[in-house]
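Breakdown of the fold
Residues per chain are reported as follows:
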Amino acid sequence: MADTVDVTAGARPGYGRLLRTRGAWTFLLPGFFARQPFAMLTIGILLLVQDTTGSYTTAGAVSATAGVSMALFAPQSGKLADRFGQGAVLVPGVIVHAAAISLLISLALADAPLWALFAAAVPAGASTPQVGPMVRARWAAKLDGSPLMATSAAFESVTDEFTFVIGPVLATALCTGIHPAAGLVAEAALTLFGGLLFAAQRRTQPERSRAADGAHEKTRSALSVAGVRVLVVLFLGIGSVFGGMQVSLAAFTKDIGEPGLNGLLYGIFAAGNMTAGIICGAIAWRSSPQRRLLIAYPLLVLATSPLWAAHSLPLLGGLGLLVGLCIAPSLITGFTLVEKLVPAGMRTEAFTWLTGAVGLGQAAGAAVGGRLIDAYSPHAGFLVPLVGTALALAVLLTLRKALAVQPGSASRVAASGVGHREPVSVD
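Residues numbered from 1 in each chain as written. Predicted model: local features only at pLDDT ≥ 70, side-chain atom pairs only at ≥ 80, totals over all residues. Heavy atoms only, no water.

The first and last C-alpha atoms of helix α6 (residues 114-126) sit 19 Å apart over 13 residues, in line with the 18 Å expected at 1.5 Å per residue. Along α6, the residues classified as buried are Ala116, Leu117, Ala120, Ala121, Ala124 and Gly125. Buried residues of α6 fall within an arc of 155° about the axis and therefore sit on the same side. Turning to α6, the residues buried within the fold contact α3 (37-53), α4 (56-84) and α5 (86-109). (Helix = DSSP H or I, 4+ residues; strand = E, 2+ residues; numbered from the N terminus. Expected span 1.5 Å × (residues − 1). Buried < 20%, exposed > 50% of the residue type's maximum accessible area, 1.4 Å probe, protein only. Arc of directions from axis to C-beta. Contact = heavy atoms within 4.5 Å.)

Given below as structure tokens:
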């Protein structure tokens, strides 16, 4: 017999209580594997195309095409999932994605014309499944109105951090250690099998939003919320850090004749990111998310400032660790703000706008960084994280009032979403 969640006023919901939520593991495990490819796609394309063409500019451009396509189509996928159900969108999506990746790999290895690589990159990016936002929506469906909602937001942000840690490292290790196409092969396999397994967990799938049946809600986008638009810009800046670091570390280690150290350096960067994510998710914050973001994002800009001047492996490793430590607070706070700013019936779409923005920023950062590397030096690519986050910070400081959560907004969000749900039970 399951017991009803009972969190007293003095008790703080924790990760342990969250993970005992009935049915959570049925979607968490397949969701974990299915979301890894999100962070493997652009770096896998970059490394494969660079190997077959010898150009970081070309590789970055093809990778950016997939990233742009993913960013543009992801919110539409989220909107369809809100309206028709996750399984109806995910099953055909993962099949198309696996086929598109297979085509892209074949064309790259066959030295196909450049236009063919760009053409294949479009469906490869557009069909990337948005499993992370779907997992968040499942938590929201199970926990709406429970104090565990904030804990689930932190947990998912840490999981996203882990995705951005493991995915690129795994893809890089496979591409450099086994075969240039191995990273994309693994990406397609994880997408197909993980995605189908996740879609099969129908008992935890959120119901179609009742609000989505109205004509107005069918056309309204999560971008109609001003705060979401600001967060999209901030997440573009964070994505530029991932993309700029990936291509620049690859070029730097190759330039010094130690390409195998690329995975180590990126792993150090990722370890800082993951560590900060775990810590931030475990803290019971008293300050508002808006205030935390106004502190965390400037620190990220400062951390990226000296990257371009690092000319030694130890120094670059230390700076990479520092940058990684500064990313998680901004990401976690951004996702927390979305749940406070956006009605429940548009949450999946809103989450996909943010994850898509990271992917787009990552692809754009890799493309611009690759061009700077080819034109100047391996160190020039490290300017991308600095410029990308600095521009986003300017937007944050100018439009910071759009992120303010007005008193009573939580109740208005619940009224427009699924606030009618019964108390959540745990094993």
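On the surface, a nonpolar cluster with roughly 390 Å² of combined accessible area is contributed by Trp308, Leu383, Val387 and Leu391. Of note, Leu391 is situated in helix α16 (residues 383-398). (Patch = residues over 30% accessible without salt bridge, like charges linked within 9 Å, V, L, I, M, F, W, Y side chains within 5 Å. Areas by Shrake-Rupley, 256 points an atom, 1.4 Å probe, with all protein chains shown as cover. Salt bridge = Lys/Arg side-chain N within 4 Å of Asp/Glu carboxyl O.)

It is worth spelling out the side chain of Ser248 at this point. Assignment of secondary structure puts Ser248 in helix α11 (residues 226-255). In this structure, Ser248 is in contact with Ile373, Pro378, Gly381 and Phe382, ignoring residues within four places of it in sequence.

Take the packing of α5 against α6 next. Across the interface, α5 lies against α6 with an axial gap of 8 Å and an inter-helix angle of 160°. Classified by the interaxial angle, the pair formed by α5 and α6 is roughly antiparallel. Read as a crossing pair, α5 and α6 show a hand that is left-handed. Within the contact between the two elements, α5 uses His97, Ala100, Ile101, Leu103, Leu104, Leu107 and Ala108 and α6 uses Ala116, Leu117, Ala120, Ala121, Pro123 and Ala124. Along the lines of polarity and charge, the residues of the contact of α5 with α6 split into 12 nonpolar, one polar and no charged. (Axes fitted to C-alpha atoms, helices over the stretch in contact; angles between N-to-C directions. Parallel < 35°, antiparallel > 145°, perpendicular 65-115°, else oblique. Left-handed = near helix turned anticlockwise from the far one by under 90°. Nonpolar A, V, L, I, M, F, W, Y, C, P; charged D, E, K, R; others polar.)

Counting residues in each nonpolar core, the largest one holds 51 residues, and the members touching the most others are Phe235, Tyr297 and Ile327. Put simply, the parts of the chain that give this core at least two residues each are α3, α11, α12 (261-282), α13 (289-304), α14 (313-341), α15 (347-375) and α16. Here the element with the most residues in this core is α11; it accounts for 12 residues. Among the nonpolar cores identified, the runner-up in size contains 32 residues, and Leu41, Tyr56, Ala120 and Ala186 belong to it. (Core = buried A, V, L, I, M, F, W, Y, C linked by side-chain atoms within 4.5 Å.)

A word on the side chain of Ser240. Residue placement: Ser240 occurs in helix α11. With a relative accessible area of 7%, Ser240 lands in the buried category. In contact with Ser240, not counting residues within four places along its chain, are Gly361, Gln362, Gly365, Val384, Pro385, Gly388 and Thr389.

With that out of the way, let us pick up α4. Along an α-helix, residues three or four positions apart point the same way, because every turn accommodates 3.6 residues. Taking 1.5 Å as the rise per residue, α4 with 29 residues should run 42 Å; its terminal C-alpha atoms sit 41 Å apart, in good agreement. The sharpest bend along α4 reaches about 30° and sits at Phe73, with the proline Pro75 one to four residues further on. Where α4 begins, the capping side chain belongs to Ser55, and its oxygen is found 3.1 Å from the backbone nitrogen of Thr58. One or two residues past the end of α4 sits Gly85, with phi positive at roughly 110°. (Bend = angle between axes of the 7 residues up to and from the residue. Polar contact = N/O pair within 3.5 Å; in protein donor to acceptor, adjacent residues only side chain to side chain.)

Further remarks concern the environment of Gly365. Inspection of the secondary structure assignment puts Gly365 in helix α15. Residue Gly365 is classed as buried on the basis of its relative accessible area of 2%. In sequence terms Gly365 and Pro385 are 20 residues apart; their C-alpha atoms lie 7.4 Å from each other. Not counting the four nearest positions on each side in its chain, Gly365 is found in contact with Ser240, Gly243, Gly244, Val247 and Val384.

None of this, on its own, says anything about what the molecule does.
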